Amino acid sequence: MLSLSIHGKELSIPLIQGGMGVGVSLERLAGSVAREGGMGCISTADCGYREENFATDPEGANLKALTEEIEQARAISKGKGMIAINAMVATRQFEQAVRTAVKAGIDAVISGAGLPLDLPGLVPKGAALIAPIVSSGRAIRLICKTWWKKAQRLPDFVVLEGPKAGGHLGFKESELLQNTCRNVLDILSDVKKELQPFEEAAKRRIPVCVAGGIWDRADVTRAKEAGADGVQMATRFIATEECDASQGYKDVLLSASRKELKIIHSPVGMPGRAVVTPMLRRLETEGRIPPLRCSRCIKTCQVNEVAYCITHALIEAVKGNREEGLFFCGSNVDRLTEMSTVHEVVTDLF
Ligand SMILES: Cc1cc2nc3c(=O)[nH]c(=O)nc-3n(C[C@H](O)[C@H](O)[C@H](O)COP(=O)(O)O)c2cc1C
């Protein structure tokens, strides 16, 4: 597993840095991972939160910031590796963000938090690699069937995210709570089986990168032995100097133990994994933290009913506000014990 070949393009290491919103993976982390030969990934979710006009014009701020972040990540990467975006289907700006990133010359569009059934229509053939994030064989079959029927396109690669991942999770809350979800490497065999007829039809391989709980070289080897082409990792990159979150965010994760993690309900309509902090305790006792304003982020959000504003909670987290922030992380948070650099992490892995 020394390199990763994706539809004729080559990464010198088989590593994708998972997109982390809001603001946890922007230009600096993505560019630094690419510079090491991997695929760095900018999360488009409210990526303009640092812009002066974000409060009054979040959509405009996000699109302007996205173009600039892609340019800056490219400069940091020194032309090595690849730069991707992670765009969530559940966000209102999904289509606009993908089109903006393609215009800015993004190498790959990775999309999850919903089934990205319309992605081929947003990315002209050859303009950028396209990849869905899935958590089951059924989901990849549906995506491949739809893309093939609508556009005679198939994914250039696939990210398979298992139950140990951070952020939103594509599993039932009850299964996550009872610890009955299947292991990502077991699901991998289903996904590969579903992909096989499509690979035969297209006469090319569709590489699969596994995500969720991948930490060290032994995990990478296990993934390879199970048939994965590469890995996607996120939580381990949070405690790097280059990660775009504040030191406050990194410190919350560095001091958290697995026992302090909780499966939460997200306004996106999916469960998520986060550190228990004062905001989650307040939500437990008060039932609801009414939003103070709306940045129109999630398609299905009903601002008058929603339990809390996820944009506000994630932005407060990335700024390091322990009281009000929602701190997403993967189940391996125990292993995050000291700060490092992207170069050190990559050297340790490959
Ligand atoms: C803080 C945080 C934020 C995340 N945000 C997103 C996101 O915006 N979109 C997405 O598709 N996945 C998101 N993820 C999932 C990661 O991209 C990745 O697939 C997953 O966390 C991998 O597992 P690991 O953290 O155990 O390495 C997030 C994960 C974390 C830890």
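Thresholds, definitions, all that
- Residues numbered from 1 in each chain as written.
- Predicted model: local features only at pLDDT ≥ 70, side-chain atom pairs only at ≥ 80, totals over all residues.
- Heavy atoms only, no water.
- Core = buried A, V, L, I, M, F, W, Y, C linked by side-chain atoms within 4.5 Å.
- Buried < 20%, exposed > 50% of the residue type's maximum accessible area, 1.4 Å probe, protein only.
- Domains from an automatic or database assignment.
- Contact = heavy atoms within 4.5 Å.
- Buried area = accessible area lost by both parts, 1.4 Å probe.
- Salt bridge = Lys/Arg side-chain N within 4 Å of Asp/Glu carboxyl O.
- Helix = DSSP H or I, 4+ residues; strand = E, 2+ residues; numbered from the N terminus.
- Nonpolar A, V, L, I, M, F, W, Y, C, P; charged D, E, K, R; others polar.
- Near = heavy atom within 4 Å.
- Polar contact = N/O pair within 3.5 Å; in protein donor to acceptor, adjacent residues only side chain to side chain.
- Areas by Shrake-Rupley, 256 points an atom, 1.4 Å probe, with all protein chains shown as cover.
- Arc of directions from axis to C-beta.
- Pairing = 2+ DSSP bridges.
- 1 Å grid on protein atoms, 1.4 Å probe; cavity = no way out; pocket = protein on both sides within 12 Å on 5 of 7 lines; lining within 4 Å.
- Points joined across faces, edges and corners; volume = space filled by probe spheres on them.

Another aspect to go through is the nonpolar core. Ranked by size, the top nonpolar core spans 107 residues in total, and within it I85, V98, L253 and L326 carry the most contacts. Residue contributions to this core reach at least three from each of two domains, namely domain 1 (4-245 + 337-349) and domain 2 (248-335). Those residues in contact with I85, other than ones at most four positions away along the chain, are C41, I42, T44, L66, I70, A97, V98, A101, I106, A108, V109 and I110. Counting 17 residues, the second-largest nonpolar core is a separate cluster that includes L4, L11, A131 and V159.

Domain boundaries assigned for the chain yield domain 1 (4-245 + 337-349) and domain 2 (248-335). For domain 1 and domain 2, the distance between their C-alpha centres works out to 21 Å. At the junction of the two partners, domain 1 supplies 44 residues and domain 2 supplies 32 residues. For the domain 1 and domain 2 pair, buried surface summed over both sides reaches about 3400 Å², with 61% attributable to carbon and sulfur atoms. For domain 1, the biggest contributors to the area lost against domain 2 are R92, H168 and W215; these three give 19% of the whole. Note that R296 and E59 form a salt bridge whose closest N and O atoms lie 2.7 Å from each other. Among the elements that make up the side of domain 1 that touches domain 2, the one with the highest residue count is helix α6 (residues 173-178) (three residues). Per-class residue counts for the side of domain 1 that touches domain 2 are 23 nonpolar, eleven polar and ten charged.

Another aspect to go through is the site of the ligand. Taken together, 24 residues surround the ligand, and among them G19, E161, G213, Q232 and T235 come closest. Here an oxygen atom of the ligand and a side-chain polar atom of N86 are 2.9 Å apart. T235 has a polar side-chain atom sitting 2.5 Å from an oxygen atom of the ligand. Out of a free accessible area of 600 Å², the ligand has 97% covered by protein chains. Elements with a contribution of two residues or more to the shell around the ligand: β5 (82-88), β11 (230-233) and α9 (235-238).

Among all positions in helix α13 (residues 342-349), only V342, V345, V346 and L349 are buried. Each buried residue of α13 lies within a common arc of 95° when the element is viewed along its axis, so the set occupies one face. Packing partners of the buried residues in α13 comprise β3 (15-17), α1 (27-35), α8 (217-225), β11 and α9.

Moving on, we get to the pairing of strand β12 (residues 261-265). Across five bridges, the pairing between β12 and strand β13 (residues 271-275) is antiparallel. Pairing of H265 across the sheet is with P271, part of β13.

A few words now on empty space enclosed by the protein. Gaps left between atoms are located by rolling a probe of water-molecule size over the structure's atoms. Following the criterion strictly, the structure yields one cavity of 30 Å³ or more and no others. A volume near 90 Å³ is recorded for the largest cavity. The wall of the largest cavity is formed by 14 residues, among which C294, C297, C301, C309 and I310 lie closest to the centre. Looking at the lining of the largest cavity, its residues break down into eleven nonpolar, one polar and two charged.

This part takes up the pairing of β13. A large share of β13 lies buried, amounting to five of its five residues. Burial along β13 is two-sided: P271, R273 and V275 and G272 and A274, pointing in opposite directions, are all buried. Looking at chain direction, strand β9 (residues 167-168) and β13 are connected through two bridges and run antiparallel. Looking across to β13, one finds that G167 is bridged to R273. Where β12 folds back onto β13 in an antiparallel hairpin, the turn is made up of five residues, including G269, whose phi is positive at roughly 95°.

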